[in-house]
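This is what each chain is made of:
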Amino acid sequence: NNQPLYVIDGIPYQNNTPTQPAGIYNGNALPDGGDNISQLNTDDIESISTLKGAGATALYGAQGQNGVVLITTKKGRAGAITVDYSINYNMDKMAYGPELQYTYGQTSPGANYSWSTTKGSYQDPRDKFFVTGNTLTNSVSLRGGSGTATSYLSYSNTHANNIYPHSDYNKNTVTLRQSNNYFNGRLTADANVIFAQQNYQNPLSPGLYNNPITGLYLFPRGLNFQQYKDTFEVFNPAKNYSLQNWWNINWISNPTGGGGDDNQQNPFWILQRDVFTQKTGKVYGALNLKYKLSDAFSIQVRGNLDKDMRTIESKLSSGTQ
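Since the model is a prediction, treat every value here as computed from it, not as a measurement.

Rules used in this analysis
Residues numbered from 1 in each chain as written. Predicted model: local features only at pLDDT ≥ 70, side-chain atom pairs only at ≥ 80, totals over all residues. Heavy atoms only, no water. Pairing = 2+ DSSP bridges. Helix = DSSP H or I, 4+ residues; strand = E, 2+ residues; numbered from the N terminus. Axes fitted to C-alpha atoms, helices over the stretch in contact; angles between N-to-C directions. Contact = heavy atoms within 4.5 Å. Phe/Tyr/Trp six-rings, centres within 6.5 Å; stacked < 30°, edge-to-face > 60°. Buried < 20%, exposed > 50% of the residue type's maximum accessible area, 1.4 Å probe, protein only. Core = buried A, V, L, I, M, F, W, Y, C linked by side-chain atoms within 4.5 Å. Polar contact = N/O pair within 3.5 Å; in protein donor to acceptor, adjacent residues only side chain to side chain. Salt bridge = Lys/Arg side-chain N within 4 Å of Asp/Glu carboxyl O.

**Q** Just checking my understanding: could you explain the sheet that holds strand 3 (residues 45-51) for this structure?
**A** Hydrogen bonds between backbone groups are what pair the strands of a sheet, and the pairing can be parallel or antiparallel. What the 4 strands build is an open sheet, ordered 2-1-4-3; its pairing is mixed. Either end of the sheet is taken by a strand with one partner, and the two such strands are strand 2 (11-13) and strand 3. Ignoring which end each strand starts from, the neighbouring axes of this sheet average 30 degrees apart. Two elements, strand 1 (residues 5-8) and strand 4 (residues 68-73), share 4 bridges in a ladder whose sense is parallel. Its bridge partner lying in strand 4, Ile8 is registered against Ile71.

**Q** I tried to follow the environment of Met94 on my own but got confused; where do I start?
**A** Residue placement: Met94 occurs in the loop between strand 5 (79-92) and strand 6 (133-145). Not counting the four nearest positions on each side in its chain, Met94 is found in contact with Phe130 and Ile163.

**Q** Is there a simple way to think about the packing of aromatic side chains in this case?
**A** Between two aromatic rings, the relevant description is the distance of the centres plus the angle of the planes. A full pass over the atoms with the stated rule returns 10 aromatic pairs. Consider the rings of Tyr169 and Tyr200, whose centres lie 5.5 Å apart with planes at 75 degrees: the pair is edge-to-face. Of this pair, Tyr169 sits in strand 8 (residues 168-182) while Tyr200 sits in strand 9 (residues 187-201); the two residues are 31 residues apart in sequence, bridging distant segments of the chain. Using a relative accessible area of 18% as the deciding quantity, one classes Tyr169 as buried. Taking relative accessible area as the criterion, Tyr200 reaches 26% and is therefore assigned partly exposed. Between Tyr228 and Trp246, the ring centres sit 5.5 Å apart and the planes meet at 70 degrees, which makes this aromatic pair edge-to-face. In this pair, Tyr228 sits in helix 4 (residues 225-230) while Trp246 sits in the loop between strand 11 (241-244) and helix 5 (267-273), placing the two residues 18 residues apart along the sequence. What makes Tyr228 buried here is its relative accessible area of 10%. One aromatic cluster is present, formed by Phe129, Phe130, Tyr164, Phe219, Phe225, Tyr228, Trp246 and Phe268 through successive ring pairs.

**Q** I keep staring at unusual backbone geometry and nothing clicks. Help me out?
**A** If you check the backbone angles, Asn184 has positive phi at about 60 degrees while not being a glycine. Mapped onto the fold, Asn184 is located in the loop between strand 8 and strand 9. With a phi angle near 55 degrees, Asn202 is a residue other than glycine that sits in the positive phi range. Here Asn202 is to be found in the loop between strand 9 and helix 3 (212-218). On the basis of relative accessibility, which here comes to 5%, the residue Asn202 falls in the buried class.

**Q** Explain the sheet that holds strand 12 (residues 276-292) here, please?
**A** Here we have 7 strands laid out as an open sheet, ordered 5-6-7-8-9-12-13, and antiparallel in their pairing. The sheet is open, and its two edges are formed by strand 5 and strand 13 (298-314), each paired on a single side. On average, adjacent strands in this sheet sit at an angle of 5 degrees to one another, irrespective of strand direction. Note: strand 8 against strand 9, 15 bridges, orientation antiparallel. Among the inter-strand pairings, Tyr169 is bridged to a residue of strand 9, identified as Tyr200.

**Q** Whenever I open this one, the nonpolar core confuses me. Can you help?
**A** Here is a general trend for soluble globular proteins: nonpolar side chains tend to be buried in one another's company. Counting 15 residues, the largest nonpolar core has Phe129, Phe130, Phe219, Phe225 and Trp246 as its most contacted members. Of all elements in the fold, only helix 3, helix 4 and helix 5 reach the threshold of two or more residues within this core. A total of 3 residues in this core trace back to one element, the largest contributor, which is helix 5. Sequence-distant contacts of Phe219, defined by excluding residues within four places in its chain, comprise Ser114, Asn224, Phe225, Tyr228, Trp246, Trp247 and Gln264. One finds Leu40, Val69, Ile71 and Ala286 within the second-largest nonpolar core, a separate group that totals 11 residues.

**Q** In this structure, what is going on with the side chain of Ser114? I would like to understand it.
**A** Here Ser114 is to be found in the loop between strand 5 and strand 6. According to the relative accessible area criterion, Ser114 is buried, its value standing at 7%. A polar atom in the side chain of Ser114 sits 3.0 Å from the backbone nitrogen of Arg221. Ser114 has contacts with Gln101, Tyr104, Gly105, Gln106, Thr107, Phe219, Pro220 and Arg221, leaving out every residue within four places of it along the chain.

**Q** Would you explain the pattern of salt bridges in this entry?
**A** Between side chains of opposite charge, a pair can form as their charged atoms come close. By the definition in use, this model includes 8 salt bridges. One salt bridge connects Asp308 with Arg310, and the closest N-O pair in it is separated by 3.1 Å. Using a relative accessible area of 28% as the deciding quantity, one classes Asp308 as partly exposed. Among the residues examined, Arg310 registers a relative accessible area of 26% and is labelled partly exposed. Bridged by salt links that share partners, the residues Asp9, Lys75, Arg177 and Asp190 form one connected network.

Next comes the structure, spelled out in structure tokens:
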């Protein structure tokens, strides 16, 4: 792919991504899996610089052919312990969407599309679907130390709600960095440990299947969208449990087969009864040992452990097309 190489405190950081969505049905209805670099706590970053072209390739070989992003993280400082706290809050609203027509109604009763020859003024259902999203991030860090040992410890939590309902994201990150000097400063040991956990419910899925947006956009003009928002499921006596309620899926009049199609379903059914969850755990540990042989020469050894654990689960309730 065209990913740059990320280098954190001198050590390459694997920014692996899972298989990405493809096709109109989006592979197996998997959303974008994200990447590993998003699991860092941005408040832990001291500085960022980039390398491009021959310079990146000369230092890092083929891994650097798409450029290198050099990240330096914060470390402890000699002196009394200091505490830093930051809070960030964002509100999000839908900025724009595709231009859709609301002048012509449903082509004919039961038709999937809206190309009738009769003009009218029909309501845009997007106003009843999208909500105000919000993101809250809290971060706290402690740093301090002496002339021979410094410590840095931080914790960060990010919680976000999307601009469509029943979709949320939560991330926790703990970072510990310890630096020590031995033998009158000739040996320096620098260790960095990161623990991160992300939970994401109902990230937006591209493609057609299991995507709430297609049902929203294709909803026939002239029908009552609020009706299917308030009652996204109906009880089915033949099966003795509730099933999806959508304008072209009628489990009441046709209890053995509801009809409908799979490229548009009730958006609120998808988000509440076809729940998709993605959980990611991250363990990253790095150690840098540097020994000063003389004023002109030193030897350095670096290594790291980088483990990423992903659990992806999709639950499709009976009544889903």
